[in-house]
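Structure assessment
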Amino acid sequence: MPKDLKVISFDLVSKDGWVIEAECSSVPLPGGRAGGQIVDCVVCCLSLMGTDWVEMVREARRILKEG
């Protein structure tokens with residue numbers, strides 16, 4: 001595994017320090033269409049089953065690096 005790899009995990013409920021409690025349609029990361037996207041990959045597990053899944057996809061796009 002590359003040394004510069006960092007995994008950040010978000011969920012509605014956090015029971016330990018490994019997971020950040022957050023609504024997946026608005027994660028506490030910088031980003032935006034004008035630049036600032038910071039992640040290489042987004043994995044959505046069960047979050048797309050919610051009623052606000054369109055906003056969750058938009059949020060993934062907001063924080064993803066282009067390409």
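Figured I'd write up the structure that's included with this text. The written sequence of each chain sets the order in which its residues are numbered from 1. Totals for whole chains, interfaces and linings use all residues, but because this is a predicted model, local features are given only for residues with pLDDT of at least 70 and pairs of side-chain atoms are given and counted only at 80 or more. The basis for the side-chain values is all heavy atoms of the structure; hydrogens and waters are excluded.

A few words now on the overall build of the protein chain. The helix and strand inventory of the protein chain stands at one helix and two strands. Secondary structure is summarised from DSSP: a helix means a run of H or I of at least four residues, a strand means a run of E of at least two, and numbering begins at the N terminus for each. Seen in sequence order, the protein chain has helices and strands lined up from the N terminus as β-β-α. Only protein chains enter the accessibility calculation, which uses a 1.4 Å probe. A residue is then buried if its area is under 20% of the maximum for its type, exposed if over 50%, and partly exposed in between. Scored against the burial criterion, the 67 residues of the protein chain give a buried share of 18%. Whether two residues are in contact is decided by their heavy atoms, any of which lying within 4.5 Å being enough. For the protein chain, the share of sequence-separated contacts (at least 6 apart) that also reach a separation of at least 24 residues comes to 44%. For the protein chain, the accessible surface area stands at approximately 5700 Å², while carbon and sulfur atoms represent 58% of it. Here the accessible surface of atoms and residues is derived via Shrake-Rupley with a 1.4 Å probe, and residues count as covered only by protein chains that are part of the display.

The rule for a salt bridge is simple: a side-chain nitrogen of Lys or Arg has to be within 4 Å of a carboxyl oxygen of Asp or Glu. Per the stated rule, a full pass over the model turns up three salt bridges. Residue Arg58 pairs with Glu55 through a salt bridge whose shortest N-O separation is 2.6 Å. Note that Arg58 and Glu55 are positioned in helix 1 (residues 53-63) at a spacing of three residues, about one turn of the helix. Residue class for Glu55 comes out partly exposed when judged on its relative accessible area of 32%. Arg62 is paired through a salt bridge with Glu59; the nearest N and O atoms lie 2.8 Å apart.

As used in this record, nonpolar core signifies buried Ala, Val, Leu, Ile, Met, Phe, Trp, Tyr and Cys residues forming a set joined through side-chain atoms within 4.5 Å. Of all hydrophobic cores here, the largest spans six residues; its members are Phe10, Ala22, Val27, Leu29, Val39 and Ile63. Excluding residues that lie within four positions of it along the chain, Ile63 makes contacts with Val27, Leu29, Pro30, Gln37, Ile38, Val39 and Val42.

A cluster of nonpolar residues, Leu48, Trp53, Val54 and Val57, forms a patch on the protein surface that exposes about 350 Å² of accessible area. Within the secondary structure, Val54 is located in helix 1. Only residues whose relative accessible area exceeds 30% and that take part in no salt bridge are eligible for patches, with like-charged residues grouped when within 9 Å of each other and nonpolar side chains (Val, Leu, Ile, Met, Phe, Trp, Tyr) grouped when within 5 Å.

All of the buried residues along helix 1 are Met56, Glu59, Ala60 and Ile63. Down the axis, helix 1 shows its buried residues gathered within 100° of arc, on one side only. The arc in question is the one spanned by the directions pointing from the helix axis to the C-beta atoms.

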